[in-house]
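Descriptive structure summary
The residues making up each chain are set out below.
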Amino acid sequence: MPERLLLGPGPSNAHPDVLAAMARPPVGHLDHTFLRLMGEVQELLRYAWQTDNRLTIPVSATGSAAWETCIANTVERGDTFLVAINGYFGHRMADMASRYGANVVIIKKPMGQAFSLEELEAALVEHQPRLLGLIHAETSAGVLQPMEGVGEACRRHGTLLLLDTVTSLGGVPLFLDRWGVDMSYSCSQKCLSCPPGLGPVTIGPRAEERLKSRTGKVPNWYLDITLLSQYWGSDRVYHHTAPVNMNYGLREALRLLAEEGLDAAWQRHRRNAELLWEGLQSLGLKLAVDERLRLPTLTTVYIPEGVDGKAFARSLLDEEGVEIGCGLGDFAGKVWRIGLMGQNSAAENVERLIDLLRQRLPGAA
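The notes below deal with the structure included here. Computed from a predicted structure; not experimentally measured.

For the protein, the helix and strand inventory stands at 13 helices and 14 strands. Referenced to the eigenvectors of the C-alpha coordinate spread, the extents of the protein come out at roughly 65 × 55 × 30 Å. Looking at the 365 residues of the protein, the share that counts as buried comes to 61%. Accessible area for the protein stands at about 14900 Å²; split by element, carbon and sulfur atoms hold 50% of it. Considering the protein, the positive charge centre built from 36 side chains and the negative charge centre built from 42 side chains are found 3 Å apart.

Shown next, in the form of structure tokens:
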């Protein structure tokens, strides 16, 4: 397979130390040395999310399975599930919840915008939902959802807060406990610079109580947290054959994040995003999101008039080995999505991309 510089919406390039860790010989999934490593992965995930949640594990599947884990365990038929949609992935959350029998209620904002606390609280008052689903980093739009006060509002109305952190874990400030987030999920392949294959999940005390009070079994055996927690908890009861080498990789990715430090990692992602934004605007390109809501790990930029965005991205990939993404949903055919995630958030990558755009875009300054 060819070498690529992955500057799209994910995956990002895996860190060499992560790949080296994954190349280590596997041991058994109940080997005491692997059980110790599992505990380290859990502690490192808690650090990355800034949470003390007991139920913090990597699900043995991609981020979409982690997402479904949160919904499968806490949604029962007839529950009102409020989904705030401002992009493609909000629609996916609504679809997923409906498959578990939820009464899905949606509120919408145009792509490129975020919800105010007042808008969210008004919807909580009107619908009194059992759960509120929010996308923290909407990858399709390049929007970072403000979180101050949202958790407190959910508690006032007896609502569980589910937060998608797929494109924010490790890349932008996250304070799950401080924000009052009850559940969150992410992935291994974006800001953690690990290959795709594991889906971190964290479930807080209020969501645990909801799980314990279910009237029936979780309708998904593989993703049932009551079973998974016996393997990832002190009992270490066999549930499935865990992907041992993927956990080697995730442990190393999280170790690298901890070694750099969260504040330093967050500042690096912001600094390089600002360098990218400045470079794109210097070429006369228009960014799709106001700076106050812009997501540092994923930038949406309008495709210039007269340029076939999909064909341009394909030629950049085939001829230069650099990947950028195209738009989804309402942004399809209108924007490119440029990711600066994990180790790929580096000034030299920004400079390389801006130079290529300057050379290849007609009329670029």
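Let's pick the thread back up.
Looking now at helix α2 (residues 32-49). The terminal C-alpha atoms of α2 lie 26 Å apart, and with 18 residues this matches the ideal 26 Å at 1.5 Å per residue to within 8%. All of the buried residues along α2 are Phe 34, Leu 35, Leu 37, Met 38, Val 41, Gln 42, Leu 44, Leu 45, Arg 46, Ala 48 and Trp 49.

Time to look at the sheet that holds strand β14 (residues 335-339). Taken together, 3 strands build an open sheet; the order of strands is β11-β14-β13 and the sheet is antiparallel. Edge strands, defined here as strands with exactly one partner in the open sheet, are β11 (298-302) and β13 (325-326). In terms of strand pairing, β13 meets β14 through 2 bridges, oriented antiparallel. The residue of β14 that forms the bridge with Gly 325 is Arg 337.

Going through the model one piece at a time under the given rule, you end up with 21 salt bridges. Residue Arg 255 pairs with Glu 252 through a salt bridge whose shortest N-O separation is 2.7 Å. One end of the pair is Arg 255 and the other is Glu 252, both in helix α10 (residues 244-260) and 3 residues apart, which spans about a single turn. On the accessibility criterion, Glu 252 (11% relative accessible area) is buried. Of the charged contacts in the structure, one is a salt bridge between Arg 268 and Glu 260, with a shortest N-O distance of 2.8 Å. By relative accessible area, which is 32% here, Glu 260 ends up partly exposed.

Below, the discussion takes up the side chain of Ser 12. Looking at where Ser 12 falls in the secondary structure, it is placed in the loop between β1 (5-6) and α1 (16-22). Separated by 2.8 Å, the side chain of Ser 12 and the backbone oxygen of Lys 190 make a polar contact. Those residues in contact with Ser 12 that sit more than four places away from it in its chain are Leu 6, Gln 189, Lys 190, Ser 193, Met 341 and Asn 344.

The next point concerns the packing of aromatic side chains. Summed over the entire model, instances satisfying the criterion amount to 7 aromatic pairs. Pairing Trp 67 with Tyr 185 gives two aromatic rings, centres 5.2 Å apart and planes at 15 degrees, and the pair type is stacked. Of this pair, Trp 67 sits in helix α3 (residues 63-74) while Tyr 185 sits in strand β9 (residues 183-185); the two residues are 118 residues apart in sequence, bridging distant segments of the chain. The exposure class assigned to Trp 67 is buried, which follows from its relative accessible area of 3%. Centre to centre, the rings of Phe 312 and Trp 336 are 5.0 Å apart; their planes meet at 35 degrees, and the pair counts as tilted. In this pair, Phe 312 sits in helix α12 (residues 309-320) while Trp 336 sits in strand β14, placing the two residues 24 residues apart along the sequence. Exposure class is identical for Phe 312 and Trp 336. Each is buried. Following the ring pairs from residue to residue traces out a cluster consisting of Phe 175, Trp 179 and Trp 266.

Read across the open sheet, the 7 strands follow the order β2-β10-β9-β8-β5-β3-β4; overall the sheet is mixed. Edge positions in the sheet fall to β2 (55-59) and β4 (103-108), since each has one partner strand and no second. Between one strand and the next, the sheet's axes are offset by a mean angle of 15 degrees, whatever the strand orientation. Two strands pair when backbone bridges link them, and β9 and strand β10 (residues 199-203) are joined in this way by 3 bridges, in the antiparallel orientation.

What follows concerns the packing of α3 against helix α4 (residues 88-99). Remark: α3 packs on α4, axes separated minimally by 10 Å, with the N-to-C direction vectors making an angle of 50 degrees. One finds that α3 runs oblique with respect to α4. The element α3 and its partner α4 pack so that their crossing is right-handed. Within the contact between the two elements, α3 uses Ser 64, Trp 67, Glu 68 and Ile 71 and α4 uses Phe 89, Arg 92, Met 93, Met 96 and Ala 97. Considered class by class, the residues forming the contact of α3 with α4 number 6 nonpolar, 1 polar and 2 charged.

About the thresholds
Residues numbered from 1 in each chain as written. Predicted model: local features only at pLDDT ≥ 70, side-chain atom pairs only at ≥ 80, totals over all residues. Heavy atoms only, no water. Helix = DSSP H or I, 4+ residues; strand = E, 2+ residues; numbered from the N terminus. Buried < 20%, exposed > 50% of the residue type's maximum accessible area, 1.4 Å probe, protein only. Areas by Shrake-Rupley, 256 points an atom, 1.4 Å probe, with all protein chains shown as cover. Lys, Arg positive; Asp, Glu negative; His and termini not counted. Charge placed at Lys NZ, Arg CZ, Asp CG, Glu CD. Expected span 1.5 Å × (residues − 1). Pairing = 2+ DSSP bridges. Salt bridge = Lys/Arg side-chain N within 4 Å of Asp/Glu carboxyl O. Polar contact = N/O pair within 3.5 Å; in protein donor to acceptor, adjacent residues only side chain to side chain. Contact = heavy atoms within 4.5 Å. Phe/Tyr/Trp six-rings, centres within 6.5 Å; stacked < 30°, edge-to-face > 60°. Axes fitted to C-alpha atoms, helices over the stretch in contact; angles between N-to-C directions. Parallel < 35°, antiparallel > 145°, perpendicular 65-115°, else oblique. Left-handed = near helix turned anticlockwise from the far one by under 90°. Nonpolar A, V, L, I, M, F, W, Y, C, P; charged D, E, K, R; others polar.

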